[in-house]
2 protein chains.
Amino acid sequence: MFESAEIGHSIDKDHYEAELPALREALLEAQYELKQQGRFPVIILINGIEGAGKGETVKLLNEWMDPRLIEVRTFDQQSDEELAHPPAWRYWRHLPAKGRMGIFFGNWYSQMIQDRVHGLFKDPRLDQAIEAAQRLEQMLCDEGALIFKFWFHLSKPQMKRRLKHLEKDPLHSWRISPLDWQQSKTYDKFVRYGERVLRRTSRDFAPWYVIEGVDPHYRSLMVGRILLESLQAALEEKPATPSQAHAAPLIAAADSRNLLDSLDMTQALEKTDYKEQLATEQARLSGLMRDKRFHRHSVVAVFEGNDAAGKGGAIRRVAAALDPRQYTIVPIAAPSQDELAQPYLWRFWRQIPGRGQFTVFDRSWYGRVLVERVEGFCTPADWLRAYGEINDFEEQLCDAGVIVVKFWLAIDPDTQLERFQAREKIPFKRYKITDDDWRNRDKWPQYREAVGDMVDRTSSEFAPWTLVEANDKHFARVKVLRTLNDAIEKAFARDKKKG
Amino acid sequence: MFESAEIGHSIDKDHYEAELPALREALLEAQYELKQQGRFPVIILINGIEGAGKGETVKLLNEWMDPRLIEVRTFDQQSDEELAHPPAWRYWRHLPAKGRMGIFFGNWYSQMIQDRVHGLFKDPRLDQAIEAAQRLEQMLCDEGALIFKFWFHLSKPQMKRRLKHLEKDPLHSWRISPLDWQQSKTYDKFVRYGERVLRRTSRDFAPWYVIEGVDPHYRSLMVGRILLESLQAALEEKPATPSQAHAAPLIAAADSRNLLDSLDMTQALEKTDYKEQLATEQARLSGLMRDKRFHRHSVVAVFEGNDAAGKGGAIRRVAAALDPRQYTIVPIAAPSQDELAQPYLWRFWRQIPGRGQFTVFDRSWYGRVLVERVEGFCTPADWLRAYGEINDFEEQLCDAGVIVVKFWLAIDPDTQLERFQAREKIPFKRYKITDDDWRNRDKWPQYREAVGDMVDRTSSEFAPWTLVEANDKHFARVKVLRTLNDAIEKAFARDKKKG
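Residues numbered from 1 in each chain as written. Chains lettered and ligands numbered in written order. Predicted model: local features only at pLDDT ≥ 70, side-chain atom pairs only at ≥ 80, totals over all residues. Heavy atoms only, no water.

A. Local environment of the packing of aromatic side chains. Evaluated as defined, the whole model comprises 50 aromatic pairs over all chains. A centroid spacing of 5.0 Å and a plane angle of 70° characterise the contact between Phe 361 of chain A and Trp 365 of chain A, whose relative ring orientation is edge-to-face. In this pair, the class of Phe 361 of chain A matches that of Trp 365 of chain A, namely buried. Pairwise contacts between aromatic rings join Phe 2, Phe 75, Tyr 91, Phe 104, Trp 108, Tyr 109, Trp 151, Trp 181, Phe 190 and Trp 208 of chain A into one cluster. Seen from the ring of Phe 105 of chain B, Arg 325 of chain A lies directly overhead, with NZ or CZ sitting 4.3 Å from the centre. Stacked on the ring of Tyr 193 of chain B, the Lys or Arg Arg 192 of chain B has its end atom at 5.2 Å from the ring centre. (Phe/Tyr/Trp six-rings, centres within 6.5 Å; stacked < 30°, edge-to-face > 60°. Buried < 20%, exposed > 50% of the residue type's maximum accessible area, 1.4 Å probe, protein only. Lys NZ or Arg CZ within 6 Å of the ring centre and 35° of its normal.)

This is how it looks when you write it as structure tokens:
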């Protein structure tokens, strides 16, 4: 894998200086075109051997191009806010927007290779990390990102010479690497695990480029040319003709029976039972939230449902059991400009709670496979791949201790009609009913189908859907609270099992 | 100040329950109207004596109103990211957007009172903090915010009874207050300093409401009524008829001579001198940035100037001296929707560097007193008050160790014309010249006046303006770098003096 990067590539100064001006001008032009088009971001990952010119190359790229359109991020030390969130959160919060470039030093690859070299885990865990990185990159590419992965390489003798040289350089000595490169063993391990990582994550949509780092002219020209060619190619592609679905289209059940048909919509609770059970479940939730064991967790509660199914009322009954300093309610509406300049899941990642916190999403990332699917706001390819992206996303949350609970509040069409009509009569509820609501109602069958597919494809062991029969509001609210409580207790029980 | 809040106010249960439904409904309606109008945010500050019902009241407000439109923030412990920024940064990052409500627990007032009670500083510093709070609130109000400040009060005997009662309550015991309220002295001090704070910060635009906290019915109804009445009044105000200027209009000098006329625009640097001096200053900057003393500081470098004055080129020469992992360049364009829903300075606060970092603003908050003034994008009242707001903002940065360096790159009209024409000929520079640039050129005299006023009113000892004669690009770049270096060295020297 690294063979051709140990043969002593070099370019002489004259050749370098002859080629450079045209290269720089073309890069700059491509960069402005990127900004002008504003169609996709560029993400550049920098990895490799200590002393192979990583820092120098990034510095050079900033000189060659317009640094106002480039963000350089280092991810070596994690802040305490980052430590309180799932590991990928820190990368999401620093993704470059469409039209811009982000250079990621110390990215997910450096992290996994370092941890493996330090012996924090063994190969199976390394492979999991590799798998996760690939899914992340696949998603970013599907969202349009252009990803470059550079591995700066040196053979062991080359590295030793280089480090000796750098020792004397005061400009370099202040940098602290998390690995002790003076040890011969470090190099061997780093290259071994690096090779494993490169082999498994070099894909058509985001290949690795291994650059021999000994000669500055050579490595700089190589990186410049690679960037330029791929960037120009990407800029010339026709602005996304609606792409073909990656997955086979979904086929409705032949007997047209749907998951939602299996609900017993007559379930209801008498007022006195309701009051009693509500109070019990609220007290239970309140207690669980004050439990020490909750310090290791957080809750993400997703509320989806038919219009007028009572999401707001259910959310308020949940909120009433919580300390206001502990929870946040995130209402999801149409995305803002900043949000449109990022991958679909970005705006939800931003809102993921830190440990000890409780976040309610009033509508959520499932908009993609519900309203966006039904209204045609995105292509079938987009919403079809969303199922997998969402499962990945939720799995990452769960792995980090987030308890994910998802509700679909279901009512039947007659109940909805009654509620719409009632709302139109009460002055301060009129805000709650819009023309959109009536239009959505006309698409009942399409939504019904979308809900069925959504539950089938995204109800996972770690983040199951709960269908809530919501013709009776009392019944629905108690079921929501009880489900939440059960989920939190289950998470506590799992902790105990793990020790 | 607290006399009427120690007389044992109370409301009986029947009265409370009779009034409540109408109050809740009206509050909810006002809240939806707030969202609908989207004209201003509501900020509610919660302060006062331990045990006086602060937490309970906030919980209640969340029950009464739609919690999806309310954000509750606690500011007790600072995260390490917050500690690396100026103190106000944490408040700015959590301001509610227009149309929403933010409840701030443990806000700037709790901080300053606690620090004073703990003896971290004496009255002069307390007064500075009070003054700063007032300026912040004034600015928020000028930007349209509706601010409520509630002080929940108990007399000392009332408090002692209450704490005894709470001790037995498991729902309360887990909360940790940073003050030891069991001590009689704590109460006395807290009330004494609280009184000082309330007296000085109760202003027409943001008055304090002192609420006796003994009786839950009384305190809840009071808070509800106060919120409702002020909110309704604010919602009924006519959407901002362009308000009158707060300050007298600016008058141009009678001899029409302007600061910019005093520049010697013929200054220039020969190519060899330029190369030598540039290299020297870049090396100097590079060294200063690696200096240990820089760990206590950060740099904010502001670049403003005529179109085509060479801001981009100067910024690139600065960037070339820095480690790409240490700096960020923030290009400022028209604000996004999210940014428009916040006070003017919000989007700049977001980008303020943490300690050890260097941020370049390519255009900046001065847009308000330049392009927005000249083009009439805001009212004279808005840009006239901006001078003071900006001075406050920069003073806060400097107090926190940020080195603020501001450049106006000046060229004369002939030089600009030459550069515009040259740009139109070079393909990859065509992006840099737009119709706007030609239009701005027609407004040369207005911009000239605006620049003069800007420098006069915002060049401060802690953040002076540097006018850069930029007809000769070489001269300008070296002057920029030298000024930056001098400013950083000056900051180091001040540290030494302070010890």
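B. Fine view of the sheet that holds strand 1 (residues 42-48) of chain B. Residues and elements named next belong to chain B. Ordered in space as 2-3-1-4-5, the 5 strands form an open sheet in which the pairing is parallel. The sheet is open, and its two borders are formed by strand 2 (70-74) and strand 5 (208-212), each paired with just one other strand. Each strand axis lies, on average, 20° off the axis of its neighbour in the sheet, ignoring direction. Pairing analysis gives 5 bridges linking strand 2 to strand 3 (residues 101-105), with the strands arranged parallel. Paired with Val 72 across the strands is Ile 103, a residue of strand 3. Against the sheet, helix 5 (residues 108-117) contacts strand 1, strand 3, strand 4 (146-153) and strand 5, and its axis sits at roughly 25° relative to strand 1. Set on the sheet, helix 9 (residues 184-201) makes contact with strand 1, strand 4 and strand 5; between it and strand 4 the angle comes to about 155°. (Pairing = 2+ DSSP bridges. Helix = DSSP H or I, 4+ residues; strand = E, 2+ residues; numbered from the N terminus. Axes fitted to C-alpha atoms, helices over the stretch in contact; angles between N-to-C directions. Contact = heavy atoms within 4.5 Å.)

C. Spotlight on the environment of Arg 325 of chain B. Residues and elements named next belong to chain B. Tracing the backbone shows Arg 325 in the loop between helix 12 (311-319) and strand 7 (327-331). Residue class for Arg 325 comes out partly exposed when judged on its relative accessible area of 23%. In this structure the C-alpha to C-alpha distance between Arg 325 and Gln 357, which are 32 residues apart in sequence, comes to 8.7 Å.

D. View of the pattern of salt bridges. Following the criterion strictly, the structure yields 80 salt bridges over all chains and no others. Residue Glu 71 of chain B pairs with Arg 100 of chain B through a salt bridge whose shortest N-O separation is 2.6 Å. In this pair, Glu 71 of chain B is assigned in strand 2 and Arg 100 of chain B in the loop between helix 4 (89-92) and strand 3, connecting sequence segments 29 residues apart. The buried category is assigned to Glu 71 of chain B, whose relative accessible area is 12%. Assessed through its relative accessible area of 16%, Arg 100 of chain B is described here as buried. In this structure, Arg 325 of chain B engages Asp 323 of chain B in a salt bridge whose closest nitrogen and oxygen atoms are separated by 3.2 Å. Residue classification places Asp 323 of chain B among the buried positions, given a relative accessible area of 11%. By sharing partners, the salt bridges in this structure join Glu 143, Arg 368, Glu 372, Asp 382, Arg 385 and Glu 389 of chain A into a single network. (Salt bridge = Lys/Arg side-chain N within 4 Å of Asp/Glu carboxyl O.)

E. Structural view of the interface of chain B and chain A. The partner chain A presents 52 residues to the 52 residues of chain B that form the contact. Of the roughly 4900 Å² buried between chain B and chain A, counting both surfaces, carbon and sulfur atoms make up 55%. Linking chain B with chain A are 4 salt bridges. Among the salt bridges present, the one from Glu 81 of chain B reaches Arg 93 of chain A, with a minimum N-O distance of 3.1 Å. Counting across the interface, chain B meets chain A through 20 residue pairs in polar contact (both at pLDDT 80 or more). Elements supplying a minimum of two residues to the side of chain B that touches chain A: helix 1 (13-37), helix 2 (54-64), strand 2, helix 3 (80-83), helix 8 (170-173), helix 12, strand 7 and helix 13 (337-340) of chain B. Counting residues per element, the side of chain B that touches chain A draws most heavily on helix 1 of chain B, which supplies 7 residues. (Buried area = accessible area lost by both parts, 1.4 Å probe. Polar contact = N/O pair within 3.5 Å; in protein donor to acceptor, adjacent residues only side chain to side chain.)

F. Representation of a positive patch on the surface. All names here are of chain A. A contiguous patch of positive charge on the surface is contributed by Arg 296, Lys 490, Arg 494, Lys 497 and Lys 498. If you trace the backbone, Arg 494 turns up in helix 20 (residues 473-498). According to the relative accessible area criterion, Arg 494 is partly exposed, its value standing at 44%. (Patch = residues over 30% accessible without salt bridge, like charges linked within 9 Å, V, L, I, M, F, W, Y side chains within 5 Å. Areas by Shrake-Rupley, 256 points an atom, 1.4 Å probe, with all protein chains shown as cover. Lys, Arg positive; Asp, Glu negative; His and termini not counted. Charge placed at Lys NZ, Arg CZ, Asp CG, Glu CD.)

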